[in-house]
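# Structure at a glance
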Amino acid sequence: MDSEEGLVTAFTEAIQKRFDTMQYLKAHRKDADASAVAQIAQDAAALATSNLSWHLALGASTTASALASELDVPVQFVIEKVQNGRLVGLHGRHETFLPLWQFLPGQPDKEPTGVVTEVLNVFVEELGEAFAPELVVLWAATGQPELNGREPRAAVEEEAYTEKLIWSARCAVAGLTQ
């Protein structure tokens, strides 16, 4: 089953379960305006596919609260590192998610690898106030021509790609600033 099929199936089952278990919905399901229901459904579908898209772009991840607990620091400390461009992360509804590709496996201090730090510096310095962690996540999850179509997140652990990753980040930022 692919991600689209899984999302549609789970979404359909969850909605049906809500209608079956929530007494108010069950009692008034026939009273709703069809066009209003259609708009609500479109909004919910957009949100669901957006969440799936961001989840896939992040890849394997941890949460800011889990990382803070592991490092024995306040969650706000981790969130500020994301906001300042020293860690890659996405803010969700109730949590900040950090992709694991930015850390070396087994690295106890959970600082980003050297090349990730350099790439983040490129995005932060060149974009200034326009910097957004989402841009780094999308760049990292998209095949880049400077990496022969490889996704940057798949190349961060390979030393041979260090200069190419930095160059790719510079190219991406140059495209964003035009």
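Now for a look at the structure at hand. (Residues numbered from 1 in each chain as written. Predicted model: local features only at pLDDT ≥ 70, side-chain atom pairs only at ≥ 80, totals over all residues. Heavy atoms only, no water.)

## Thoughts on the pattern of salt bridges
If you walk through the whole model with that rule in mind, you get 3 salt bridges. The salt bridge partner of Arg-150 is Glu-158, with a shortest N-O separation of 2.7 Å. For Glu-158, a relative accessible area of 33% gives the class partly exposed. In this structure, the salt-bridge partner of Glu-151 is Arg-153, at a minimum N-O distance of 2.9 Å. (Salt bridge = Lys/Arg side-chain N within 4 Å of Asp/Glu carboxyl O. Buried < 20%, exposed > 50% of the residue type's maximum accessible area, 1.4 Å probe, protein only.)

## Regarding the packing of aromatic side chains
Tallying each qualifying case throughout the model produces 1 aromatic pair. Taking the ring centre of Tyr-161 as reference, the NZ or CZ of Arg-150 above it sits at 4.8 Å. Stacked on the ring of Tyr-161, the Lys or Arg Lys-164 has its end atom at 5.5 Å from the ring centre. (Phe/Tyr/Trp six-rings, centres within 6.5 Å; stacked < 30°, edge-to-face > 60°. Lys NZ or Arg CZ within 6 Å of the ring centre and 35° of its normal.)

## Remarks on the nonpolar core
Core analysis: the biggest nonpolar cluster contains 26 residues, and Val-88, Val-115, Val-116, Val-119, Phe-123, Trp-139 and Leu-165 have the highest contact counts within it. For this core, the elements supplying multiple residues, two or more each, are helix H3 (34-58), helix H6 (114-127), helix H7 (133-140) and helix H9 (162-177). In terms of residue count, the dominant contributor to this core is H6 (7 residues). One finds Ala-64, Ala-68, Val-78 and Val-82 within the second-largest nonpolar core, a separate group that totals 9 residues. (Core = buried A, V, L, I, M, F, W, Y, C linked by side-chain atoms within 4.5 Å. Helix = DSSP H or I, 4+ residues; strand = E, 2+ residues; numbered from the N terminus.)

## Side note on the environment of Leu-67
Within the element layout of this structure, Leu-67 appears in helix H4 (residues 64-71). The exposure class assigned to Leu-67 is buried, which follows from its relative accessible area of 2%. A C-alpha to C-alpha distance of 29 Å links Leu-67 and Ala-160, two positions 93 residues apart in sequence. If we ignore the near neighbours within four places in the chain, the residues touching Leu-67 are Thr-62, Val-78, Leu-87, Leu-98, Phe-103 and Lys-110. (Contact = heavy atoms within 4.5 Å.)

## Notes on the environment of Gly-92
In this structure, Gly-92 sits in the loop between strand E2 (90-91) and strand E3 (96-99). In this structure, the C-alpha to C-alpha distance between Gly-92 and Trp-54, residues 38 residues apart in sequence, is 9.5 Å.

## Thoughts on H6
In an α-helix, one turn spans 3.6 residues; hence positions three or four apart end up facing the same way. Under the 1.5 Å per step criterion, the end-to-end length of H6 is 20 Å for 14 residues, consistent within 8% with the ideal 20 Å. Inspection of H6 places Val-115, Val-116, Val-119, Leu-120, Val-122, Phe-123 and Leu-127 among the buried residues, and these make up the whole buried set. Looking straight down H6, one finds that the buried residues subtend no more than 150° of arc, so they occupy a single side. Structurally, H6 contributes buried residues whose contacts are with H7 and H9. Phi turns positive one or two residues past the end of H6, at Gly-128, with a value near 55°. (Expected span 1.5 Å × (residues − 1). Arc of directions from axis to C-beta.)

## Focus on the sheet that holds E2
Judged by pairing direction, the sheet is antiparallel, and its 3 strands sit side by side in the order E1-E3-E2 without closing on themselves. The open sheet terminates on both sides in strands that have one partner only, identified here as strand E1 (61-63) and E2. By the bridge criterion, 2 bridges tie E2 to E3 in an arrangement that is antiparallel. For His-91, the partnering residue across the bridge sits in E3 and is Thr-96. Here H4 sits on the sheet and contacts E1 and E3; the angle it forms with E1, its principal contact strand, is near 75°. (Pairing = 2+ DSSP bridges. Axes fitted to C-alpha atoms, helices over the stretch in contact; angles between N-to-C directions.)

## Some words on H9
Look at H9: 23 Å from first C-alpha to last across 16 residues, which is about the 22 Å you get at 1.5 Å a residue. Buried residues of H9: Thr-162, Leu-165, Ile-166, Ser-168, Ala-169 and Val-173, and no others. The buried residues of H9 occupy one face: seen down the axis, they fall within an arc of 160°. Turned more than 90 degrees away from the buried face of H9, the exposed residues are Glu-163 and Trp-167.

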